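The chain contents come next:
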Amino acid sequence: MRRVTILWFLVAACLGVALFLVKYEVQDREEKLAALHREILANQEAVHVLEAEWSYLNRPSNLEAMVRRHLDLVPLDTTRLGRIEQLPIRLPSFEEAGTMTAGIREAAAATDDLPAFAPPAPLPRPITISAKVRR
Amino acid sequence: MTDFPQIQAGKSVRLEGVTKQALEIGRNRLILAGCLLTLAFTAVAGRVVELSALRDHNEPTVPTAAADAALQTGRADIVDRNGLLVATSLRTPSLYADPSEVLDPARAARRLTTVLTDLAVPEVEAKLRANRRFVWLKRSLTPHEQYRVNALGIPGLHFMDEWKRIYPQSSLMAHVVGFTDIDDRGISGVERSFDDVLRDGREPLHLSIDLRIQHIVRQELAHQISLFEAIGGTGIVLDVDTGETVAMVSLPDFDPNMAAEMSDDQRFNRATLGVYEMGSTFKIFNTAMALDAGTVTLRDGYDASKPIKIARFTINDFHGENRWLSVAEIFKYSSNIGSVKMAMDVGTERQKEFMGRMGMLQPMSLELPERGYPLVPSPWRPINTMTISFGHGLSVSPMHLAAGVATVVNGGIKRPTTLLKTTGRVLGEEVLKPSTSEVMRKLMRLVVMDGTGRNADAEGYLVGGKTGTAEKAGGGRGYARKSLLSSFVAAFPVNDPKYVILIMVDEPKGQKFSHGYATGGWVAAPAVKRIVERAAPLLGVAPVDMDAPEIRRDLLVDLPDAGGKRLASF
């Protein structure tokens, strides 16, 4: 009888202490959560402001002025546009063409004006397709 | 007490009399108390079971974390078709005062105006002396201003965060997005027409405008306006298959971030609110009408050698050829005489019905509050039929014209124009025969190849279009010879049109390099050419070889010559 009572007292005391600890732990974590939420909101707002600034700095007129100042880009004209079909047949791979490149190099060394690597010239005229019948 | 029996271990005791009675009472009470307690505990247990097992089928509600934090900006963003920001809301501090807390209004006002230099001392002082608990001093301060006001340390001044509408593209999208008032209510443009949606929504509103194209159109239009010393202009790019507005510019424009400082002229949307007599560009509709009605074919023509006299008017040709002209030539040389005769053969009733079908008699279907009502002649007399054939006497907005041309070239299907990004097929109403549309595309190409629109011929992009040079109606009756409205409306690539471009310049003056001309071919066509060249790669339109036999065959026009002998031209 005595032992059982002591056991129950011990259990009750342990539970009391555990409850006390859990309660404070929860309170602590809730505070942390709220702080995190505040931080997330603040960051979202900062991102929002940065997005606005990003699009302000990316105004087409601004980009154009910067390109003019810092780069040598020019507007695209039709001679710079092509189609996949216009590409010449793919050159053989390096191993396959070992003898071929060697030949070009020899020729370059011999004549002194052929480039070591001659890029394939595109076809002179774009290939066109007929207009498809509408609807 | 000696009569109590001796209690001995292991021996049961029988109690009698008073003692027994007392024990009985005690036992009964114990049983009663036990029953009550059992009942109470049963109730508690029942309640626990009910709460935990029956009510929610799970654990009792644990205090859950508030839903993930999400920024509420008061008003949804507006973005272009590629998702670039056009309008957004930012939190800015606003300065207010509680006059009852202000100790020395005169001194406070003087010190405050040294920091906020745009405020006037007497006004601020009057506000600070007011017998109220709340007065606005300045809305939307910059962070720097807020810091300096704080540094003054004047008691009674407070800040309140407010959402302020910001337009990062400043004036580029002015007439499309419009602007809001200080309390975040939409006042014009998309801000007004989608006010409810923007106010409730968190999802950004996707416009059909492409900022890059919009920039190109605005830049080229502004260039032509300054070159020809014009007072304004408008530029529109429409997708012919969906009715989406890819670009819409009206100049002069304004910065919606500083909407309070703009003039009425800047605020006026020439693209949708202004209605104008568009001039020769209307011959697209006139020719399409005659071809669709079947009163003429490309093999027919009219004698355009003599001016038409009706009442006190004389209708003459600007580029006078003074001979018999085929339908294609009437269109190519923009002959007024030929157009009038073509319209008269169709008749007044059918012309009115046709214009209604093309949507020229009602305001546009477009998500803007600024939509002009066409000025329609009433009654519609034969003289109106004559003038409308070459674009006078019926005033429509430039948007009407662009949408109408889109209908003519896209196979004859009328679709509502929109400022919102659309996905998938857009259904429309067939208002022209597909064959009419095909012929019109060829004729528009003819104008650019060797007609009045040669300046619009962008190499490789097959531009087809029509010039227009209208004399603006003067203050009183009649037309002002010197104030012109020069326009060019084009479709490209004309063998399979994707986009319609309209450029209209208001009151251009003839320049030395243009030999004194300020016609659509000189003023608007070069802008269209440059816009096509710059925008086509962005719009995904590939250039073609204009000499390829397939293209030549597509654009072949069967032309009769004056003697009735046919020759092919393209």
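Scoring rules and cut-offs
- Residue positions are given per chain, counting from 1 as you read along its sequence in written order.
- Key to labels: chains lettered from A, ligands numbered from 1, both in the order written.
- The predicted origin of the model limits local features to residues at a pLDDT of at least 70 and limits the giving and counting of side-chain atom pairs to 80 or more, whereas totals for whole chains, interfaces and linings rest on all residues.
- Hydrogens are left out, water is left out, and the side-chain values use all remaining heavy atoms of the structure.
- Nonpolar cores are built from buried Ala, Val, Leu, Ile, Met, Phe, Trp, Tyr and Cys residues. Side-chain atoms within 4.5 Å join them into one set.
- A simple rule labels every residue: compare its accessible area, found with a 1.4 Å probe on the protein chains alone, to the largest value its type can have, and call it buried under 20%, exposed over 50%, or partly exposed in between.
- Only DSSP runs of H or I reaching four residues or more are called helices, and only runs of E reaching two or more are called strands; each is numbered from the N terminus.
- The contact criterion used throughout is that any non-hydrogen atoms of two residues lie within 4.5 Å.
- Put plainly, a pocket is an open set of points on a 1 Å grid over the protein atoms alone with protein on both sides within 12 Å along at least five of seven lines, a cavity is a set where a 1.4 Å probe fits but cannot get out, and a lining residue has an atom within 4 Å of a point.
- Grid points are joined across faces, edges and corners, and a volume is the space filled by probe spheres set on the points.
- Ten residues, namely Ala, Val, Leu, Ile, Met, Phe, Trp, Tyr, Cys and Pro, are considered nonpolar, four, namely Asp, Glu, Lys and Arg, are considered charged, and the remaining ones, Gly among them, are considered polar.
- Only the stretch in contact is used when a helix axis is fitted, and all axes are lines through C-alpha atoms; the angle between N-to-C directions ranges over 0 to 180 degrees.
- Crossings are classed by handedness, with left-handed meaning an anticlockwise turn of the near helix from the far one by less than a right angle and right-handed meaning a clockwise turn.
- Here the buried area means the combined drop in accessible surface, using a 1.4 Å probe, for two parts upon being joined, counting both sides.
- Criterion for a salt bridge: a side-chain nitrogen of Lys or Arg within 4 Å of a carboxyl oxygen of Asp or Glu.
- Polar contacts, as used here, are pairs of N or O atoms within 3.5 Å; protein pairs need one atom able to donate a hydrogen and one able to accept it. Residues neighboring in sequence count only if both atoms are side-chain atoms.

Participant: Explain the nonpolar core to me, using residue names and the numbers behind them.
Facilitator: All names here are of chain B. Judged by nonpolar contacts, the single largest core of 89 residues is most densely connected at Phe 282, Phe 285, Met 355 and Val 500. Per-element accounting of this core gives the leading share, eight residues, to helix α15 (residues 398–409). Setting aside anything within four residues of it in sequence, one finds Phe 285 in contact with Phe 354, Met 355, Met 358, Met 360, Leu 401, Gly 404, Val 405 and Val 408. Residues Ile 216, Ile 225, Phe 228 and Ala 518 belong to the second largest nonpolar core, which totals 37 residues.

Participant: Before we move on, could you go through the side chain of Lys 466 of chain B and cite the residues and values that matter?
Facilitator: Residues and elements named next belong to chain B. Positionally, Lys 466 belongs in strand β16 (residues 464–473). Looking at Lys 466, the relative accessible area reads 0%, which means it is buried. Excluding anything up to four places from it in sequence, Lys 466 contacts Ser 280, Thr 281, Lys 283, Ile 284, Phe 331, Ser 334, Val 447, Thr 452, Ser 487, Phe 488 and Val 489.

Participant: Summarise empty space enclosed by the protein; cite the residues concerned and give the values.
Facilitator: Residues and elements named next belong to chain B. The tally for this structure, following the rule as stated, stands at two cavities of 30 Å³ or more. Taken as a whole, the largest cavity spans an internal volume of roughly 60 Å³. Residue lining of the largest cavity: Leu 238, Asp 239, Val 240, Gly 243, Ala 403, Ala 406, Thr 407, Asn 410, Ile 413, Arg 415 and Thr 417, and that is the complete set. Within the residue set of the lining of the largest cavity, elements represented by two or more residues are β6 (232–239) and α15. Ranked by residue count, the leading element in the lining of the largest cavity is α15, at three residues. The class makeup of the residues in the lining of the largest cavity is five nonpolar, four polar and two charged. There is about 40 Å³ of room inside the second largest cavity. The wall of the second largest cavity is formed by Ser 171, Leu 172, Met 173, Ala 174, His 175, Gln 214, Arg 218, Met 248, Val 249, Ser 250 and Asp 253. Take the lining of the second largest cavity: its biggest share by element is three residues, from strand β7 (residues 245–251).

Participant: Account for the packing of helix α10 (residues 283–293) of chain B against α15 of chain B, naming residues and giving values.
Facilitator: When two helices pack together, their arrangement is given by the angle between their axes and by how far apart the axes lie. Residues and elements named next belong to chain B. At a minimum axis separation of 10 Å, α10 and α15 run at an interaxial angle of 35 degrees. Note that α10 runs across α15; the crossing there is left-handed. Residues Ile 284, Phe 285 and Ala 288 of α10 touch α15, and the partners they reach there are Leu 401, Gly 404, Val 405 and Val 408. Grouping the constituent residues of the contact of α10 with α15 by class yields six nonpolar, one polar and no charged.

Participant: Please provide a residue-by-residue account of the interface of chain A and chain B, values included.
Facilitator: Contacts between the two partners involve 30 residues from chain A, matched on the other side by 50 residues from chain B. Taking both sides of the interface into account, the surface hidden between chain A and chain B amounts to around 3100 Å²; carbon and sulfur atoms contribute 57%. Where chain A touches chain B, the interface holds two salt bridges. Measuring nitrogen to oxygen at the nearest pair gives 3.8 Å for the salt bridge that ties Arg 534 of chain B to Glu 64 of chain A. On the surface where chain A and chain B come into contact, there are five residue pairs in polar contact (both at pLDDT 80 or more). Looking at the side of chain A that touches chain B, the elements with two or more residues in it are α1 (2–57) and α2 (60–70) of chain A.

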